[in-house]
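Commentary on secondary and tertiary structure
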Amino acid sequence: MFKGVLFDLDGVITDTAEYHYQAWKLLAKELGITIDRDFNESLKGVSREDSLKLILNHGDQTNKYTLEECARLAEKKNHYYLSTIQSIGPKDVFPGILALLQELKAHQVKIGLASASKNGPFLLEKMALTSFFDTVADPAKVPFGKPAPDIFIAAAKGLNIQPEECIGIEDSKAGIQAIIKSRALPIGVGTTKELGANIPLVTKTDQLTYDYLHNTWNSHHD
Ligand code: G6P
Ligand code: MG
């Protein structure tokens, strides 16, 4: 049986994936670059710095800015993003997530956060979820961001278990790849169009019950 669940945050625990998109869209517009929701799928799960590179590349501006200028642009995006998440609270936790966290605790399953976001701890506090998490992996301390497996490996390590003993839950392609490479069992939140047809998927977070996780685990481990 699985011993841990490693959660992504943005787009899995709450709707901040949308706020990241709106902040990037605003910054991109100022740079003369248009991004749409399709392109945004490639930004999901990707670090702030790498997202900026993808956007500049998308606008044929790959080498336009110095490293320092890029750092300032990334900070500007974060400023836009922070201004939209100040009022987030427990009411913004996606349906079913609080119940799942409670069920996991009741079954003594360990809980870890494997988010690429440096704002993760702040958001957990705002949503009053911090106490459910046995570990929060620090994205600033892992060598490579998603789609590399590092953050999921770090989160499993923080729980003192192997990634193979964990389920990872993600809403992004990069994140699903990272879970697969870490050897945890992926569950995607999204559609086959967004995440592919070869992994277990739910379209809504309230489908993420303990029973669903349990059955999914059993059907992949006989
Ligand atoms: C998550 C989100 C990305 C975001 C990244 C970094 O992975 O899905 O959209 O770019 O975190 O977030 P941060 O809050 O550190 O800029
Ligand atoms: Mg996400």
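What you are looking at is a predicted structure, and each value in this text was computed from that prediction instead of being measured.

Reading guide: rules and limits
- Residues numbered from 1 in each chain as written.
- Chains lettered and ligands numbered in written order.
- Predicted model: local features only at pLDDT ≥ 70, side-chain atom pairs only at ≥ 80, totals over all residues.
- Heavy atoms only, no water.
- Salt bridge = Lys/Arg side-chain N within 4 Å of Asp/Glu carboxyl O.
- Helix = DSSP H or I, 4+ residues; strand = E, 2+ residues; numbered from the N terminus.
- Buried < 20%, exposed > 50% of the residue type's maximum accessible area, 1.4 Å probe, protein only.
- Pairing = 2+ DSSP bridges.
- Right-handed = clockwise from strand over helix to strand, strands pointing away.
- UniProt positions renumbered as here; feature names shortened; annotations may be inferred.
- Contact = heavy atoms within 4.5 Å.
- Polar contact = N/O pair within 3.5 Å; in protein donor to acceptor, adjacent residues only side chain to side chain.

Bringing the pattern of salt bridges into the picture now. In total, this model carries 13 salt bridges according to the counting rule given. Residue Asp-50 pairs with Lys-53 through a salt bridge whose shortest N-O separation is 3.8 Å. On the criterion of helical spacing, the pair formed by Asp-50 and Lys-53 is a turn pair, its members being 3 residues apart in helix α3 (residues 48-58). Given a relative accessible area of 32%, Asp-50 falls into the partly exposed group. Each of Asp-8, Lys-146 and Glu-170 takes part in salt bridges that share partners, so that together they form one network.

By the criterion of burial, strand β4 (residues 166-170) is predominantly enclosed, with 5 of the 5 residues buried. Going residue by residue along β4, you find Cys-166, Gly-168 and Glu-170 tucked away on one face and Ile-167 and Ile-169 tucked away on the opposite face as well. Sheet topology note: the strand β1 (residues 4-7)/β4 ladder contains 4 bridges and is parallel. Note on β4: the bridge partner recorded for Val-5 is Ile-167. Here β4 pairs with strand β5 (residues 185-189) via 4 bridges, running parallel. Paired with Ile-169 across the bridge in β5 is Ile-187. Between the parallel elements β4 and β5, the chain passes through helix α8 (residues 173-182) in a crossover that is right-handed.

Looking now at the environment of Asn-218. Within the secondary structure, Asn-218 sits in helix α10 (residues 210-220). The partly exposed category is assigned to Asn-218, whose relative accessible area is 34%. Separated by 111 residues in the primary sequence, Asn-218 and His-107 have C-alpha atoms spaced 16 Å apart.

On to the UniProt feature "binding site: Mg(2+)" (unreviewed entry) in the protein chain. When the UniProt feature table is mapped onto this chain numbering, "binding site: Mg(2+)" (unreviewed entry) sits at Asp-8, Asp-10, Glu-170 and Asp-171. Judged by maximum C-alpha separation, these annotated positions cover 164 residues in sequence but sit close together in space, the widest gap being only 8.8 Å. Of note, Asp-10 is situated in the loop between β1 and α1 (16-30). Not counting residues within four places of it along the chain, the set of residues in contact with Asp-10 comprises Thr-16, Ala-17, His-20, Tyr-81, Ser-115, Ser-117, Leu-123 and Asp-171. One polar contact links Asp-10 to His-20, side chain to side chain, over a distance of 3.3 Å. Considering the arrangement of structural elements, one finds Glu-170 in strand β4. Judged by relative accessible area, Glu-170 falls into the buried class, the value being 0%. Apart from the residues within four sequence positions on either side, Glu-170 is in contact with Asp-8, Val-12, Lys-146, Phe-152, Gly-175, Ile-176, Ile-179, Ile-187, Gly-188, Val-189 and Leu-195. At a separation of 3.0 Å, a polar atom in the side chain of Glu-170 contacts the side chain of Ser-172.

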